[in-house]
Amino acid sequence: MKYVVIGASAAGLNGIKTLRSNDKNAEIVLIAPDALIHSRCILHRYIDGERGEKDLDFTEEGFFAKNNVKQIKHRAAGVDPAKKAVSLDSGETVNYDKLLIAAGSVTNMPPIKNLGAAKNVFGLHDFEDAAAIKENAKKAKHIGVIGSGLVGCDAIVGVLNSGAKVSCFEVAEHLLPLNLDKHAAETYQKALTEKGVEQHYKATVAEFLLGGDNKVTGLKLSDGKTFDCDMIIMAAGLKSNTEFLKSSGLKIDDKGLVYDKHGKTSDDNVYAAGDISGRTPIWSAAVKEGIIAANNMSGVSSEMTDFFASKSTMNFLGIPTMSLGLAVKPDDSFVEVVSTDKKGNYKKIIHKNGEIKGAILQGDLSYAGILTQLIREKIDVSRVKKPLFNIDYSDFFGEFEF
């Protein structure tokens with residue numbers, strides 16, 4: 001059996017480990033251009049100088065030799081399921097018996113005037129981006145960050161001590177709009193203000209202003225306001241990396257590559273995992289999807305069941321926060337249970353008919369274990385008489401009081 005894996009991130013590498021564990025004699029080939037496999041989650045730590053390049057490599061020492069993996073250091077340029085072949089940017093072709101596509105995501109570039117021509121504009125997706133940002137931030141006087149999601153916050157924190165003025169521009173009404181509600185977001189916004197970060201919300205960037213050699217000198221918002229910037233970091237989200245699959249015949253929708261709970265795509269010999277779906281852009285989900293897809297590829301039946309569409313843990317500026325599922329209730333059929341204290345700790349659970357649909361923990365995250373148990377045990381929280389945030393582990397050894 002010959003397994004080919006496209007992409008060397010959380011999904012791809014955990015898929016490889018699982019394939020090797022299940023099939024000691026199979027041929028495993030990884031298609032990925034990087035010599036080192038970098039963790040995107042901590043790229044900002046390279047930008048701010050806290051970590052070196054090798055510190056970003058999350059693979060265990062001797063990973064490729066230990067798992068008997070051949071790495072082809074090229075990018076996949078196409079997939080032909082009928083021929084069971086992957087074409088490379090070198091013009092070569094690699095055949096497979098089973099294929100795992102874990103090609104991840106790419107930086108989303110919104111329709112901003114002059115974006116294509118502007119120089120000193122960077123994304124933050126891979127190590128090359130981080131290295132370019134780190135080098136150019138040394139010379140910048142005013143850095144504008146477009147977007148304040150997880151990548152945007154990483155970028156802000158990364159350049160915070162560069163010596164440049166830092167400004168953030170976000171179309172939503174608060175920071176981290178996909179992960180946090182207004183209360184939790186304002187905690188970070190206040191901390192960023194104290195660090196000198198200028199923040200603009202409900203702000204749509206319409207145009208980049210250019211000077212000589214097309215170097216960016218500023219930006220203009222849709223309301224006509226202009227701001228000086230000599231360096232810009234694009235962090236307006238990510239999109240699934242499916243461009244090379246356009247002629248493959250594999251099912252792709254408006255979000256990304258489509259696959260089922262077993263990780264199988266529309267072709268029986270092609271599986272997928274991670275950010276390429278455009279649905280679960282988080283590390284833990286990518287890890288689990290990679291494992292489950294690899295299990296099914298190698299004959300071990302597994303299903304994706306117990307993770308939320310969004311889950312993230314962050315610790316910007318020393319403020320730990322966990323976000324799970326919904327950050328805000330969609331309508332009054334959902335119930336929000338909230339707890340705050342004088343230390344600034346914040347807890348919120350959103351449920352519908354007793355089923356937890358979302359939660360935010362900020363400050364003290366010790367409740368995360370209880371929350372995990374409530375979800376895993378499928379406890380109907382609407383019937384629990386004890387206050388939700390007073391539950392402890394002893395409650396799980398008996399019957400909940402209904």
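Before reading on, note that the structure itself is shown above.
(A) View of the overall build of the chain. What the chain contains, in helices and strands, is 8 helices and 23 strands. Its C-alpha radius of gyration of 23 Å places the chain within 12% of the 21 Å reference for a compact globule of 402 residues. Overall, the chain is about 70 × 60 × 35 Å in size when its C-alpha atoms are taken along their principal axes. Buried positions account for 50% of the 402 residues belonging to the chain. Distance from the positive charge centre (50 side chains) to the negative charge centre (52 side chains) of the chain: 1 Å.

(B) Examining helix α1 (residues 10-22) more closely. Its 13 residues place the ends of α1 18 Å apart at the C-alpha level, agreeing with the 18 Å of an ideal helix rising 1.5 Å per residue. Summarising burial for α1: 10 of the 13 residues are buried, a large majority. Those residues of α1 that fall on the buried side of the exposure criterion are Ala10, Ala11, Gly12, Leu13, Asn14, Gly15, Ile16, Thr18, Leu19 and Arg20. Residues of α1 that are buried in the fold lie against β1 (2-6), β2 (27-31), α3 (63-66), β3 (69-72), β7 (98-101) and α7 (283-297).

(C) Representation of the sheet that holds strand β6 (residues 93-95). Reading across the sheet, the 3 strands line up as β4-β5-β6 and stay open at both edges, with antiparallel pairing between neighbours. In this open sheet, the two edge strands, each paired with only one partner strand, are β4 (76-80) and β6. Direction aside, neighbouring strands of the sheet carry axes that sit 25 degrees apart on average. As judged from the 4 bridges shared by β4 and strand β5 (residues 85-88), these two strands associate in the antiparallel manner. Among the inter-strand pairings, Ala76 is bridged to a residue of β5, identified as Leu88.

(D) Spotlight on the environment of Glu186. Relative to the elements of secondary structure, Glu186 occurs in helix α6 (residues 182-194). Residue Glu186 is classed as partly exposed on the basis of its relative accessible area, which comes to 38%. Glu186 sits 131 residues away from Leu317 along the chain, and the two C-alpha atoms are 13 Å apart.

(E) Structural view of helix α5 (residues 150-159). Counting buried positions over the 10 residues of α5 gives 8, a clear majority of the element. Within the span of α5, buried status applies to Gly152, Cys153, Asp154, Ala155, Ile156, Val157, Gly158 and Val159.

(F) Focus on the side chain of Asn14. By the element assignment, Asn14 lies in helix α1. According to the relative accessible area criterion, Asn14 is buried, its value standing at 19%. The contact partners of Asn14, leaving out residues within four places of it in the chain, are Val287 and Ile291.

What counts, and where the lines are drawn
Residues numbered from 1 in each chain as written. Predicted model: local features only at pLDDT ≥ 70, side-chain atom pairs only at ≥ 80, totals over all residues. Heavy atoms only, no water. Helix = DSSP H or I, 4+ residues; strand = E, 2+ residues; numbered from the N terminus. Rg over C-alpha atoms; globule rule 2.2 N^0.38 Å. Buried < 20%, exposed > 50% of the residue type's maximum accessible area, 1.4 Å probe, protein only. Lys, Arg positive; Asp, Glu negative; His and termini not counted. Charge placed at Lys NZ, Arg CZ, Asp CG, Glu CD. Expected span 1.5 Å × (residues − 1). Contact = heavy atoms within 4.5 Å. Pairing = 2+ DSSP bridges. Axes fitted to C-alpha atoms, helices over the stretch in contact; angles between N-to-C directions.

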